[in-house]
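# Coordinates in review
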Amino acid sequence: MQKLTGRGAMRSPGAPSLRREVERQFWQQIATGITSEKAAEAVGVSQPVGSRWFRHRGGMPLFMSTPVSERYLSFAEREEIALLRAQDFGVREIARRLGRSPSTVSRELTRNAATRSGKLDYRASVAQWKAELVAKRPKPAKLVTNPQLRRYVQDRLEGKLHDSRGKEVTGPRQAPFIGRNKPHRGDRKWVKGWSPEQIAHRLRIDFPDDPSMRISHEAIYQSLYIQGRGALKRELVSYLRTGRALRTPRARAQAKAWAHVSEEVMISNRPPQADDRAVPGHWEGDLIIGLDRSAIGTLVERSTRFTMLVHLPREAGYGLTPRTKNGPALAGYGAITMANALKKTVSTMPTQLWQSLTWDRGKELSDHARFTIESGVKVFFADPHSPWQRGTNENTNGLLRQYFPKGTDLSRWDVRELQAVANSLNSRPRKTLDWRTPAEALNDYLKSAA
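Residues numbered from 1 in each chain as written. Predicted model: local features only at pLDDT ≥ 70, side-chain atom pairs only at ≥ 80, totals over all residues. Heavy atoms only, no water.

Let us look at the overall build of the protein chain. When helices and strands are tallied, the protein chain shows 19 helices and seven strands. Sorting the 450 residues of the protein chain into buried and exposed places 39% on the buried side. Sequence separation of 24 or more characterises 62% of the internal contacts of the protein chain that already satisfy a separation of 6 or more. Surface exposure of the protein chain reaches about 26200 Å², of which carbon and sulfur atoms provide 51%. (Helix = DSSP H or I, 4+ residues; strand = E, 2+ residues; numbered from the N terminus. Buried < 20%, exposed > 50% of the residue type's maximum accessible area, 1.4 Å probe, protein only. Contact = heavy atoms within 4.5 Å. Areas by Shrake-Rupley, 256 points an atom, 1.4 Å probe, with all protein chains shown as cover.)

Here's what the structure looks like:
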């Protein structure tokens with residue numbers, strides 16, 4: 001076979017692998033800002049394969065994002081060669097139909113032919129696998145070939161803290177790295193944590209006359225994020241300031257995070273009478289979150305400060321059904337559940353008291369269009385990172401923490417208990433109401449409007 005093909009024995013390809021062209025299409029989809037699961041579905045591979053591609057390359061495609069030069073045969077051309085060869089067309093006729101040189105087709109039929117049958121048998125999938133295998137030109141990373149440089153970089157990434165006497169200060173114990181991107185951690189080990197850019201520039205000062213002690217900060221990041229480089233310990237990503245183990249594509253980072261918020265429902269389009277608080281009927285809403293993804297909905301009327309609490313019980317199967325990505329929201333404040341709970345709460349009050357509802361950017365109210373149609377209450381969303389636009393609700397949530405402290409399970413309280421807490425707040429005198437209670441202010445309005 002070496003005499004026939006000009007190549008030595010090659011390892012068995014095993015199961016047919018996905019072609020590089022498919023992976024390139026996958027990274028082109030990632031560049032649009034979608035998730036790896038959706039990108040995998042778009043190119044026709046399984047979600048685990050897409051996630052593995054994304055993880056193995058650290059979220060950064062590098063050369064995979066650029067198309068292959070037309071100088072090389074593509075898989076489609078190799079399929080055409082296999083079909084024409086099976087029809088007994090000659091080399092020159094195949095080359096003429098492909099627009100390639102006859103020598104290119106001749107070398108392809110010889111070098112990349114399948115040889116397992118003991119003779120040259122050209123198959124497109126085997127030919128593509130062989131071409132990709134011999135096209136690899138792995139260049140050893142500089143941190144692999146230079147042990148002194150690797151030690152310098154690694155020591156400064158995980159450098160330990162010392163006091164003024166030079167004694168080591170350990171701090172809390174480092175949570176073990178289990179390969180996840182930014183794992184939840186209660187404590188983080190105290191280290192110097194030089195950034196790769198600081199290390200790269202400091203090398204010029206510490207080794208001014210040694211050109212071998214040079215490396216770019218991008219090369220350090222690649223050694224941390226890309227599994228195939230393997231020069232630095234993967235655990236060192238937890239010592240970086242961000243602590244992330246994968247890079248986020250720029251298009252995904254810049255993607256619109258609040259797709260459910262359109263220009264029509266922005267707070268700037270809220271009725272003017274909601275701003276001056278002269279007439280009741282305009283509300284502010286939010287969630288207070290507790291332990292184990294428990295939550296309580298809070299609604300506060302802007303004029304009278306009247307408070308209503310929305311009961312959000314667990315959905316059936318919570319804690320029993322394994323959590324699945326993009327699966328049903330069972331915690332109690334999914335979009336559909338939240339809209340239904342708000343609609344039920346709204347129906348307990350007179351219609352004239354529900355003119356508008358201002359919410360934050362939480363996705364729990366992404367089903368606001370259906371809620372508005374069924375309840376008649378217009379929903380508006382505050383600007384990003386602007387809690388003062390819902391100041392009444394934020395203040396009320398602070399008062400509610402007297403009854404529902406952070407770090408407690410809020411799902412244990414039923415409707416009757418939530419109503420008792422709301423009655424307590426509505427019976428509390430307020431300075432802004434001339435020391436009247438919210439219940440008295442709302443009752444006075446209803447009497448005057450009757």
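Bringing the pattern of salt bridges into the picture now. Counted by the stated rule, this structure contains 16 salt bridges. Put simply, Arg 202 and Asp 206 hold a salt bridge, and the shortest N to O gap is 3.2 Å. Here Arg 202 and its partner Asp 206 are both found in helix α11 (residues 196-206), four residues apart, which amounts to about one turn of the helix. With relative accessibility at 35%, the residue Arg 202 sits in the partly exposed group. One salt bridge connects Glu 374 with Lys 343, and the closest N-O pair in it is separated by 3.3 Å. Of the two residues, Glu 374 sits in helix α16 (residues 368-375) while Lys 343 sits in helix α15 (residues 335-346), which places them 31 residues apart along the sequence. Looking at Glu 374, the relative accessible area reads 39%, which means it is partly exposed. (Salt bridge = Lys/Arg side-chain N within 4 Å of Asp/Glu carboxyl O.)

Neither face of strand β6 (residues 356-359) is open: one carries Ser 356 and Thr 358, the other Leu 357 and Trp 359, and all of them are buried. The sheet contact formed by strand β3 (residues 282-289) and β6 spans four bridges and is parallel. The partner of Gly 285 across the bridge, within β6, is Trp 359. As paired strands, β6 and strand β7 (residues 378-381) are joined by four bridges and run parallel to one another. Looking at β7, one finds that Trp 359 is bridged to Phe 381. (Pairing = 2+ DSSP bridges.)

Attention now moves to helix α19 (residues 438-449). It helps to recall that an α-helix has 3.6 residues per turn; residues three or four apart then point in one direction. The end-to-end C-alpha distance of α19, which contains 12 residues, comes to 17 Å, matching closely the 16 Å that a straight helix rising 1.5 Å per residue would cover. The secondary structure elements touched by the buried residues of α19 are α18 (415-426). (Expected span 1.5 Å × (residues − 1).)

A few words now on the nonpolar core. With 29 residues, the main nonpolar core has Leu 299, Leu 342, Trp 354, Leu 357 and Trp 359 as its most contacted residues. Those elements that place two or more of their residues in this core are β3, β4 (295-301), β5 (307-310), α15, β6 and β7. By residue number, the principal contributor to this core is α15, which donates five residues. Those residues in contact with Trp 354, other than ones at most four positions away along the chain, are Gly 281, Trp 283, Leu 299, Met 308, Val 346, Met 349 and Val 377. The next biggest cluster of nonpolar side chains, apart from the first, holds 22 residues, and it includes Leu 143, Tyr 152, Ile 199 and Met 213. (Core = buried A, V, L, I, M, F, W, Y, C linked by side-chain atoms within 4.5 Å.)

The residue Arg 314 is located in the loop between β5 and α15 in this model. Each C-alpha atom of the pair Arg 314 and Arg 412 lies 9.9 Å from the other, and the pair is 98 residues apart in sequence. There is a polar contact of 2.8 Å between the side chain of Arg 314 and the backbone oxygen of Asp 292. A polar atom in the side chain of Arg 314 sits 3.1 Å from the backbone oxygen of Arg 293. (Polar contact = N/O pair within 3.5 Å; in protein donor to acceptor, adjacent residues only side chain to side chain.)

This next bit is on the packing of helix α3 (residues 36-43) against helix α4 (residues 47-56). Any two packed helices are characterised by how steeply their axes cross, that is the angle between the axes, and by the distance between the axes. Relative to each other, α3 and α4 sit at 120 degrees, their axes nearing to 8 Å. Looking at the two axes, α3 sits oblique to α4. Note on packing geometry: the crossing formed by α3 with α4 is right-handed. Across the interface between the two elements, Ser 36, Glu 37 and Ala 40 from α3 touch Gln 47, Gly 50, Ser 51 and Phe 54 from α4. (Axes fitted to C-alpha atoms, helices over the stretch in contact; angles between N-to-C directions. Parallel < 35°, antiparallel > 145°, perpendicular 65-115°, else oblique. Left-handed = near helix turned anticlockwise from the far one by under 90°.)

Next up on the list: α3. Within α3, the full set of buried residues consists of Ser 36, Glu 37, Ala 39, Ala 40 and Val 43. Down the axis, α3 shows its buried residues gathered within 165 degrees of arc, on one side only. Exposed positions of α3 whose direction lies more than 90 degrees from the buried face are Lys 38 and Glu 41. Within two residues after α3, Gly 44 carries a phi angle of roughly 85 degrees, on the positive side. (Arc of directions from axis to C-beta.)

Read across the open sheet, the five strands follow the order β5-β4-β3-β6-β7; overall the sheet is mixed. Looking at strand neighbours, the two that pair on one side only are β5 and β7, the edges of this open sheet. Across the sheet, the axes of successive neighbouring strands diverge by a mean angle of 25 degrees, strand direction being ignored. The sheet strands contacting α16 are β6 and β7, and the helix crosses β7 at an angle near 150 degrees. Strand contacts of α18: β4 and β5, with the helix running at about 165 degrees to β5, the strand carrying the most contacts.

In this section: the packing of α15 against α16. As a packed pair, α15 and α16 sit with axes 9 Å apart at the nearest point and diverge in direction by 25 degrees. The angle between α15 and α16 places the two elements in the roughly parallel class. Crossing of α15 against α16: the hand is right-handed. Two secondary-structure elements touch here, α15 through Ile 336, Ala 339, Asn 340, Leu 342, Lys 343 and Val 346 and α16 through Arg 370, Phe 371, Glu 374 and Ser 375. Residues that form the contact of α15 with α16 fall into these classes: five nonpolar, two polar and three charged. (Nonpolar A, V, L, I, M, F, W, Y, C, P; charged D, E, K, R; others polar.)

The next thing to look at is the packing of aromatic side chains. Scanning all chains against the criterion turns up seven aromatic pairs. Judged by centre distance (5.3 Å) and plane angle (65 degrees), the rings of Phe 26 and Trp 53 are edge-to-face. Separated by 27 residues along the polypeptide, Phe 26 in helix α2 (residues 20-30) and Trp 53 in helix α4 bring together distant segments of the chain. For Phe 26, a relative accessible area of 0% puts it in the buried group. For the pair Phe 404 and Trp 413, a centre-to-centre distance of 6.5 Å together with 55 degrees between the ring planes defines the contact as tilted. Looking at Phe 404, the relative accessible area reads 3%, which means it is buried. Grouping aromatic residues by their ring pairs yields a cluster made of Phe 26, Trp 27, Trp 53 and Phe 54. Here the basic side chain of Arg 97 rests over the ring of Phe 89, its NZ or CZ set 4.4 Å away from the ring centre. Directly above the ring of Trp 194 sits Arg 156, whose terminal nitrogen or CZ lies 5.8 Å from the centroid. (Phe/Tyr/Trp six-rings, centres within 6.5 Å; stacked < 30°, edge-to-face > 60°. Lys NZ or Arg CZ within 6 Å of the ring centre and 35° of its normal.)

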